[in-house]
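So you can see what is in the structure, the chains are spelled out below.
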Amino acid sequence: GLILSTNSSAILTLCSHLCVGEGVVPLEPKEWAELAKKLLDVGLQPADIFDISKIDFKDKLSTSAEFTDRIFRLIDRNASLTFELTKLNNTGVSAITRADSEYPTKLKKVLGNNCPPIFYVAGDVGLLKNKYVGYVGSRTISDEDISFTRDTVAKTVLNGYGVVTGGAKGVDTISEEQALNMGAPVVEYLSDSMLRKLKKSNIINAIRNGQMLLLSVVKPD
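Residues numbered from 1 in each chain as written. Predicted model: local features only at pLDDT ≥ 70, side-chain atom pairs only at ≥ 80, totals over all residues. Heavy atoms only, no water.

**Quick word on the overall build of the protein**
- A count of helices and strands for the protein gives ten helices and six strands.
- Overall, the C-alpha framework of the protein stretches about 65 × 30 × 30 Å when taken along its three principal axes.
- Counting over 221 residues, the protein shows a buried share of 43%.
- The long-range fraction of contacts in the protein, counting pairs at least 24 apart against all pairs at least 6 apart in sequence, stands at 68%.
- For the protein, the exposed area adds up to about 11900 Å²; of that, 52% sits on carbon and sulfur atoms. (Helix = DSSP H or I, 4+ residues; strand = E, 2+ residues; numbered from the N terminus. Buried < 20%, exposed > 50% of the residue type's maximum accessible area, 1.4 Å probe, protein only. Contact = heavy atoms within 4.5 Å. Areas by Shrake-Rupley, 256 points an atom, 1.4 Å probe, with all protein chains shown as cover.)

Here it is, written out as structure tokens:
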């Protein structure tokens, strides 16, 4: 099972959009960055939110009563969140947070406080260390588009690059297939259902072969 007591689990507890019931409002990236800085300034780590009383939290961090309530409502959903994350793990999806070593450092540098606190991932996160060219294009494509896409991907792969796409039909899918056929790594950055993707046998095989990573900030369902 997952033990929700680390810095990483604090980020999941406060920022995840899983298990959002009535009155539970997860922190946005900027809000999380501000809170993390406040905690740091008073010598606390994110994990300390699990052991701190409401009064201490409010006093030490001088947060409003409203914000404090919001935080404690998020912490209260911990049991259901753990259950949900375990269920996802069983389908091959895990979460990485800004507190995890696998989190892409380049993103932290480029995006700073706007960096997503959480990514949902399926596949080998180590693939993020490779170099990639982004392919994006029309969903409806002609034979000419298809051969142009394949040729271009072949060139970039021979120059040592993998392919990153949004995973849509058309150009995205053709460019991925070409890269996978040539043994290059592929990252799909999804804006919708990761769980639906994981029902496709070609995707599952590519993930099992260590050639593909699905990555998203969106709830996997």
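**Quick look at the environment of N113**
- Inspection of the secondary structure puts N113 in the loop between α6 (105-111) and β2 (118-123).
- Every residue in contact with N113, bar those within four places of it in the chain, is listed here: P29, K30, A33 and R98.

**Side note on the pattern of salt bridges**
- Scanning all chains against the criterion turns up six salt bridges.
- Between K37 and D41 there is a salt bridge, with the nearest N and O atoms lying 3.0 Å from each other. One end of the pair is K37 and the other is D41, both in helix α2 (residues 29-41) and four residues apart, which spans about a single turn. (Salt bridge = Lys/Arg side-chain N within 4 Å of Asp/Glu carboxyl O.)

**Focus: the side chain of S16**
- Structurally, S16 is set in the loop between α1 (7-15) and α2.
- Looking at S16, its side chain comes within polar contact range of the main-chain nitrogen of L18, at 3.0 Å.
- A distance of 3.0 Å separates the side chain of S16 from the side chain of Y120, its partner in a polar contact.
- Apart from residues lying up to four places away in sequence, S16 is in contact with I11, P26, R77, L81, I118 and Y120. (Polar contact = N/O pair within 3.5 Å; in protein donor to acceptor, adjacent residues only side chain to side chain.)

**Focus: the pairing of strand β4 (residues 162-165)**
- Relative to β4, strand β3 (residues 132-134) is paired through three bridges, and the arrangement is parallel. Its bridge partner lying in β4, G134 is registered against V164.
- Crossover β4 to strand β5 (residues 186-189) through helix α8 (residues 171-181) is right-handed. (Pairing = 2+ DSSP bridges. Right-handed = clockwise from strand over helix to strand, strands pointing away.)

**Here we look at α8**
- Among the residues of α8, V171, D172, I174, S175, E176, Q178 and A179 are the ones counted as buried.
- Buried residues along α8 sit against α7 (143-158), β4, β5 and β6 (212-216).
- Two residues or fewer after α8 comes G183, characterised by a positive phi angle close to 80°.

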